[in-house]
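Here is what each chain is made of, one letter per residue.
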Amino acid sequence: MNKAFVKESDGDDDDAEALALVQAIPAGAKNYITPAGYQRIKDELLQLIDVDRPEVVRIVHWAASNGDRSENGDYIYGKRRLREIDRRIRFLTKRMDSAFVVDPTVHYGNDQVFFGATVGYINKAGEEHTVTIVGVDELDPLKGKISWVSPVARALTKCREGDVVPLQTPLGMDELEILSVDYPEPVAD
């Protein structure tokens, strides 16, 4: 079959993943993010634009100058990588445009749970957990960073140190007792 009629997949799975992340934010809600999370996205975007993309463009240009592109691995994989980089740049740009930066240091010293809080709690089984409530784009469950839209974060939000909060889990009803609520200390200018 003629190659002109064969469309190579350009990673629609990545677009589906990005769509799933976008859908994780409730309809009509803002895309909350901490200043550190916003800076990480910005740093990644600048790395892609200023370093990674120009390097791949240089490789693709060099590979294209070698002649036959149909069997040129550097050219084929370079073009694929270029599409991945461009897709990621578009995604990060959209996330930055929709981001609503919330500084958790404004709640320093407060014992009530809001966005950006680091919360220590114990469940009915006696297991202690410490989580930090962050934006959808910065969650990392292995490091204790949970999204503000997660069931645990929603249950804890607006509660205070010492409160016992009900939480519906797949295994049934659980209770979380809030042991501590901490916020980052404001940086003096």
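Further up the page is the structure itself.
Report follows, based on the coordinates. (Residues numbered from 1 in each chain as written. Predicted model: local features only at pLDDT ≥ 70, side-chain atom pairs only at ≥ 80, totals over all residues. Heavy atoms only, no water.)

**Quick word on unusual backbone geometry**
So, point 1. The phi dihedral of Lys158 is positive, around 75°, even though this residue is not glycine.
So, point 2. Positionally, Lys158 belongs in the loop between helix 4 (151-156) and strand 6 (164-169). (Helix = DSSP H or I, 4+ residues; strand = E, 2+ residues; numbered from the N terminus.)

**Points about the side chain of Asn31**
So, point 1. Its location among the elements puts Asn31 in strand 1 (residues 31-33).
So, point 2. For Asn31, the side chain forms a polar contact with the side chain of Ser98, separated by 3.3 Å.
So, point 3. A polar atom in the side chain of Asn31 sits 3.3 Å from the side chain of Asp137.
So, point 4. In contact with Asn31, other than residues within four places in its own chain, are Ile25, Arg95, Ser98, Ala99, Phe100 and Asp137. (Polar contact = N/O pair within 3.5 Å; in protein donor to acceptor, adjacent residues only side chain to side chain. Contact = heavy atoms within 4.5 Å.)

**Observations regarding the packing of helix 2 (residues 35-64) against helix 3 (residues 73-98)**
So, point 1. Two elements in contact, helix 2 and helix 3, have axes whose closest approach is 9 Å; the angle formed by their N-to-C orientations is 160°. Judged by the inter-axis angle, helix 2 sits roughly antiparallel to helix 3. In this structure, helix 2 crosses over helix 3, and the sense of that crossing is left-handed. (Axes fitted to C-alpha atoms, helices over the stretch in contact; angles between N-to-C directions. Parallel < 35°, antiparallel > 145°, perpendicular 65-115°, else oblique. Left-handed = near helix turned anticlockwise from the far one by under 90°.)

**Looking at the packing of aromatic side chains**
So, point 1. Within the structure shown, the criterion is met by three aromatic pairs.
So, point 2. Ring centres of Tyr32 and Phe115 lie 6.0 Å apart, and the angle between their planes is 45°; this geometry places the pair in the tilted category. With Tyr32 in strand 1 and Phe115 in the loop between strand 2 (99-101) and strand 3 (118-123), the pair connects residues that are 83 residues apart, well separated along the chain.
So, point 3. The class for Tyr32 is partly exposed, based on a relative accessible area of 24%.
So, point 4. Residues Tyr32 and Trp148 carry aromatic rings whose centres are separated by 5.1 Å and whose planes lie at 75° to one another, so their mutual orientation is edge-to-face. With a gap of 116 residues between them, Tyr32 in strand 1 and Trp148 in the loop between strand 5 (145-147) and helix 4 connect regions that are remote in the sequence.
So, point 5. Using a relative accessible area of 15% as the deciding quantity, one classes Trp148 as buried.
So, point 6. Three or more aromatic residues joined by ring pairs make a cluster, and in this case those are Tyr32, Phe100, Phe115 and Trp148.
So, point 7. For Lys30, the ring lying beneath its charged end belongs to Phe100, and the centroid distance is 4.2 Å. (Phe/Tyr/Trp six-rings, centres within 6.5 Å; stacked < 30°, edge-to-face > 60°. Buried < 20%, exposed > 50% of the residue type's maximum accessible area, 1.4 Å probe, protein only. Lys NZ or Arg CZ within 6 Å of the ring centre and 35° of its normal.)

**Regarding the nonpolar core**
So, point 1. Judged by nonpolar contacts, the single largest core of 24 residues is most densely connected at Val113, Val119, Ile133, Trp148, Val152, Leu156 and Ile178.
So, point 2. Mapped onto this core, the elements with two or more residues apiece are strand 3, strand 4 (128-134), helix 4, strand 6 and strand 7 (172-182).
So, point 3. For Val119, the residues in contact, after removing those within four places along its chain, are Val113, His129, Thr130, Val131, Ile133, Leu156, Ile178 and Ser180.
So, point 4. Core analysis: the next-biggest nonpolar cluster, separate from the first, contains 16 residues, Val56, Ala63, Ala64 and Ala99 among them. (Core = buried A, V, L, I, M, F, W, Y, C linked by side-chain atoms within 4.5 Å.)

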